[in-house]
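# Report on the structure
The chain contents come next:
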Amino acid sequence: MKREIIKRLISLVIILFGLSLMTFGLTYILPSNPAEQLAESMGAGHDREVIAKIEEKYGLDKSFGEQYVNWLKGALHGDFGMSVKYAQPVSQVLGRKLPNTVKLAVASFILMILISFPLGILSAVYKDKKADYIIRFMSFIGISLPSFWVGMMMIYFFAVKMHWLPVGGSDSFKSLIMPSVTLSLSMSAYYIRRVRAVMVEQMNEEYINGCQARGIGRFRTIFFHVLPNSLLTVVTMLGMSFGGLLGGTMIVETVFSWNGIGSAAVAAISGRDYQLIQGYVMWMGCIYVLVNLLVDISYQWLDPRIRRGALQHEE
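### Regarding the pattern of salt bridges
- Scanning the entire structure with this criterion turns up four salt bridges.
- As a salt-bridge pair, Asp128 and Lys127 come within 2.9 Å of each other at their nearest N and O atoms.
- Among the residues examined, Asp128 registers a relative accessible area of 41% and is labelled partly exposed.
- Take Lys127: its relative accessible area is 38%, and that puts it in the partly exposed class.

### Side note on the environment of Ala107
- Considering the arrangement of structural elements, one finds Ala107 in helix H5 (residues 90-125).
- For the pair Ala107 and Ser180, spaced 73 residues apart in sequence, the C-alpha to C-alpha distance is 6.1 Å.
- Not counting residues within four places of it along the chain, the set of residues in contact with Ala107 comprises Leu176 and Ser180.

### Concerning the packing of aromatic side chains
- The tally for this structure, following the rule as stated, stands at eleven aromatic pairs.
- Judged by centre distance (5.6 Å) and plane angle (80°), the rings of Tyr190 and Tyr191 are edge-to-face.
- Residue classification places Tyr190 among the partly exposed residues on the basis of a relative accessible area of 43%.
- On the basis of relative accessible area, Tyr191 is assigned to the buried category, the value being 2%.

### Quick look at the packing of H5 against helix H10 (residues 218-246)
- Here H5 crosses H10 at 145°, and the two axes come no closer than 11 Å. Relative to H10, H5 is oriented so that their crossing is right-handed. Taken together, the residues of H10 that come into contact with H5 (itself represented by Thr101, Val102, Ala105, Val106, Ser108, Phe109, Met112, Phe117, Ile121 and Val125) are Arg218, Ile222, Phe223, Leu227, Leu231, Val234, Leu238, Phe242, Leu245 and Leu246.
- Across the contact of H5 with H10, the residue classes tally to 17 nonpolar, two polar and one charged.

### Regarding the packing of H5 against helix H12 (residues 261-270)
- Where H5 meets H12, the closest approach of the two axes is 8 Å, and the angle between their N-to-C directions is 135°. As far as their axial angle goes, H12 and H5 are oblique. Contact with H5, carried on its side by Leu94, Lys97, Leu98 and Thr101, involves Ile261, Gly262 and Ala264 of H12 and no other residues of that element.
- Here the residues of the contact of H5 with H12 sort into four nonpolar, two polar and one charged.

### Digging into the environment of Gly120
- Inspection of the secondary structure assignment puts Gly120 in helix H5.
- Separated by 69 residues in sequence, Gly120 and Ala189 have C-alpha atoms that sit 9.5 Å apart.
- Leave out the neighbours within four places in its chain, and Gly120 touches Ile192, Val195 and Arg196.

### What about the layout of surface pockets?
- If you add up the space inside the second largest pocket, you get close to 370 Å³.
- As for the second largest pocket, its lining consists of 17 residues, and the residues nearest its centre are Ala75, Phe80, Met282, Trp283 and Cys286.
- Sorting the residues of the lining of the second largest pocket by element identifies helix H1 (2-28), helix H4 (64-76), H5 and helix H13 (274-302) as the ones contributing at least two each.

What counts, and where the lines are drawn
Residues numbered from 1 in each chain as written. Predicted model: local features only at pLDDT ≥ 70, side-chain atom pairs only at ≥ 80, totals over all residues. Heavy atoms only, no water. Salt bridge = Lys/Arg side-chain N within 4 Å of Asp/Glu carboxyl O. Buried < 20%, exposed > 50% of the residue type's maximum accessible area, 1.4 Å probe, protein only. Helix = DSSP H or I, 4+ residues; strand = E, 2+ residues; numbered from the N terminus. Contact = heavy atoms within 4.5 Å. Phe/Tyr/Trp six-rings, centres within 6.5 Å; stacked < 30°, edge-to-face > 60°. Axes fitted to C-alpha atoms, helices over the stretch in contact; angles between N-to-C directions. Left-handed = near helix turned anticlockwise from the far one by under 90°. Nonpolar A, V, L, I, M, F, W, Y, C, P; charged D, E, K, R; others polar. Parallel < 35°, antiparallel > 145°, perpendicular 65-115°, else oblique. 1 Å grid on protein atoms, 1.4 Å probe; cavity = no way out; pocket = protein on both sides within 12 Å on 5 of 7 lines; lining within 4 Å. Points joined across faces, edges and corners; volume = space filled by probe spheres on them.

Right, dumping it as structure tokens:
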């Protein structure tokens, strides 16, 4: 198992290196000059002398290879350069907004699990019955509704009309409710159908007949046999969903004026803040790489067959 983890870490480092090269290369070939943007933010306009000094200070007058090596050295130490929009180091901007994104991600993820798993299990247990049809219909509606529309409807009813919740912001528990519910509803609609599908598939396996023959009750069969076997196909998607939430949900954060990484990325794109975009892309890459690694490790614990296979391979 240790050998497999080391192999995965090596491959993930290579992936991150390729991502950094591609990210820096794409921003390098763009027509905008970061030095000109920084000069404009300082009020110097298009003064060539000021731009030349900025280029010399940040090494922008050097070749692509030299610039990339310098940028990579800084990135390895958490330094992704200066954000033009915020006039602060990119690492400070992302670090300041990260807690809000983590808070929203955790709340949305937990709420999604609390909604989707019970309803998905209920739909599978009562397959082709009234409860199943109702749950499937509601999940179909949930998948069809865009998250930004759901968010705006929640703002209209709960903030504008009823005055129960704030319209936007990220400074209180009440401001967390609407964005987390919006995100969890859109994800829950998909996971309800997925949990139902994998559980129905597992309930048709031969070992279910064996459980019934041994006199194991239905409740125990579902929660101690069917559900654990179903998790293997769902855990990868759960990991990717949580990684996406940690990367910031641009649309929902923008709709609710949530001060997170996603809204910062939107502002960076509209303001051509390439340094912040580079830092955001690398953050997303690190998140997905780590999530993939954790998912692979979780397989060893969820499925004993994989664990035994890894031990036999090492022997």
